[in-house]
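Read off the chains here:
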Amino acid sequence: MRLSKRLDKLPPYLFVEINRKIAEKKARGEDIISFAIGDPDMPTPSNVIDELCRAARDPANHRYPETAGLPELRQAVAGWYHRRFGVSLDPEKEVLPLIGSKDGVAHISFCFIDPGDIALVPDPGYPVYSMSTLLAGGEPYFLPLTEKNDFLPELEIIPRNTVKKAKLLWLNYPNNPTGAVADIDFFQKAVHFAMENNLAICHDAPYTEVTFDGYQPPSLMQLPDARDVGIEFHSLSKTYDMTGWRIGMAVGNAKMIDALFRFKSNLDSGIPQAIQQAAIEALTGSQDGVKERSVIYQRRRDKLVKALNDIGLKARMPKASFYVWARIPDGYTSVNFTSELLDKANVAVTPGTGYGAAGEGFVRLSLTVPDERLDEGITRLLKWSESRTN
Ligand SMILES: Cc1ncc(COP(=O)(O)O)c(C=O)c1O
């Protein structure tokens, strides 16, 4: 049997490695508190679960779905964008439901990238941007996100030759893993850059609804000319605690939406219809839970950021997303600092380098840890820090 060379390009998926180490410790009976994975710990709202149960009993939902999704779902997405961002979308041409936003994020690369093409990818960044570029035969060109540039890519310093070969520009705000945010002026700059250089923008925005201190992240689509050059990925995963349900959406440029639809219609058979009905309920029903949940994350954020700074990590206070990006003490690499916390404190975090070379010197902690476990995790970190200084 001979596997494709394409697969050789892929390093092991970061979380597989971390999970393996954690599983080994758990098998030895050790209790690990994990801040490593961004997966909401709170349940999906009950109105959404009730709608799934109802929809599951309807035989009309037992048959093959359409890749394009139910028209009612596309309308619900358009309605949500209008209420949330004041953006009007054509539900037929500018909205495509996805099997989680990862589905679209991974597959859009195949609609743009041919061998030798470049995608401009943030570093650190969600690994799927670069992996899908590699799988499509292209090359990621990494745009460092640093404290100095407020974790916003410096588009003007990308070499001319690279820009010429580039077809896609990836953006992600609120950002995973740094928790950074971008304002509409930055998006405007990116849209002009894309227009001048014949690039398409993919803005990955699954964290716009996890926000703190009254902050409201903008949508790229609020810019009238964004629709000429880009699409935005969104997801019900983080907004409605539905990571396991696998449903998200792409919105924006009709040509890009159609390309993604054509590609996907040859690969998958859409989202199970009962899940689509439940998603309609999530998008159109009461939104109270969204705000309540952000209040819980904010409380956790305040506690965790304070504790990390107390023990000598320089943790940023994120305005949105459920990630805390923390600079580690001198003398460690991200990976050996992560190992030390796992070995000595039974606390799992994610090394910054798991998201790219520019993540060196940082670790990421997720706020998706139940309150009492978060408190216990903080106690362990404080004890570990005391043992280091004694
Ligand atoms: C930046 C970013 N984009 C996309 C995804 C994928 O989300 P989903 O496929 O659940 O919608 C994630 C998940 O962690 C993410 O962090």
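The following refers to the structure shown.

## Brief notes about the environment of A250
Note on placement: A250 falls in strand β8 (residues 248-252). For A250, a relative accessible area of 0% translates into the label buried. For A250 and G100, which are 150 residues apart along the polypeptide, the C-alpha to C-alpha distance reads 9.8 Å. In this view, A250 contacts E94, V95, L96, L98, I231, E232, F233, I257 and L260; residues no more than four positions away in its chain are not counted.

## Here we look at the packing of helix α12 (residues 288-310) against helix α14 (residues 371-389)
Closest axis-to-axis distance for the α12/α14 pair is 10 Å, and the angle between their directions is 5 degrees. Classed by the angle they form, the pair α12 and α14 counts as roughly parallel. Residues I296, R299, R300, K303, L304, A307 and L308 of α12 form the contact with α14, whose participating residues are D371, L374, D375, I378, L381 and L382. In terms of residue class, the contact of α12 with α14 is built from eight nonpolar, no polar and five charged.

## Some remarks on the pairing of strand β7 (residues 230-235)
Burial of β7 is extensive: six of the six residues sit out of reach of the surface. Burial along β7 is two-sided: G230, E232 and H234 facing one way and I231, F233 and S235 facing the other are all buried. Sheet analysis places strand β6 (residues 200-204) next to β7, joined by four bridges and oriented parallel. Residue H203 lies in a different strand from β7, and its bridge partner there is E232. Relative to β8, β7 is paired through five bridges, and the arrangement is antiparallel. By the bridge assignment for β8, F233 is matched with A250.

The rules behind the values
Residues numbered from 1 in each chain as written. Predicted model: local features only at pLDDT ≥ 70, side-chain atom pairs only at ≥ 80, totals over all residues. Heavy atoms only, no water. Helix = DSSP H or I, 4+ residues; strand = E, 2+ residues; numbered from the N terminus. Buried < 20%, exposed > 50% of the residue type's maximum accessible area, 1.4 Å probe, protein only. Contact = heavy atoms within 4.5 Å. Axes fitted to C-alpha atoms, helices over the stretch in contact; angles between N-to-C directions. Parallel < 35°, antiparallel > 145°, perpendicular 65-115°, else oblique. Nonpolar A, V, L, I, M, F, W, Y, C, P; charged D, E, K, R; others polar. Pairing = 2+ DSSP bridges.

Take it as geometry only, folks, not as evidence of what the structure does.
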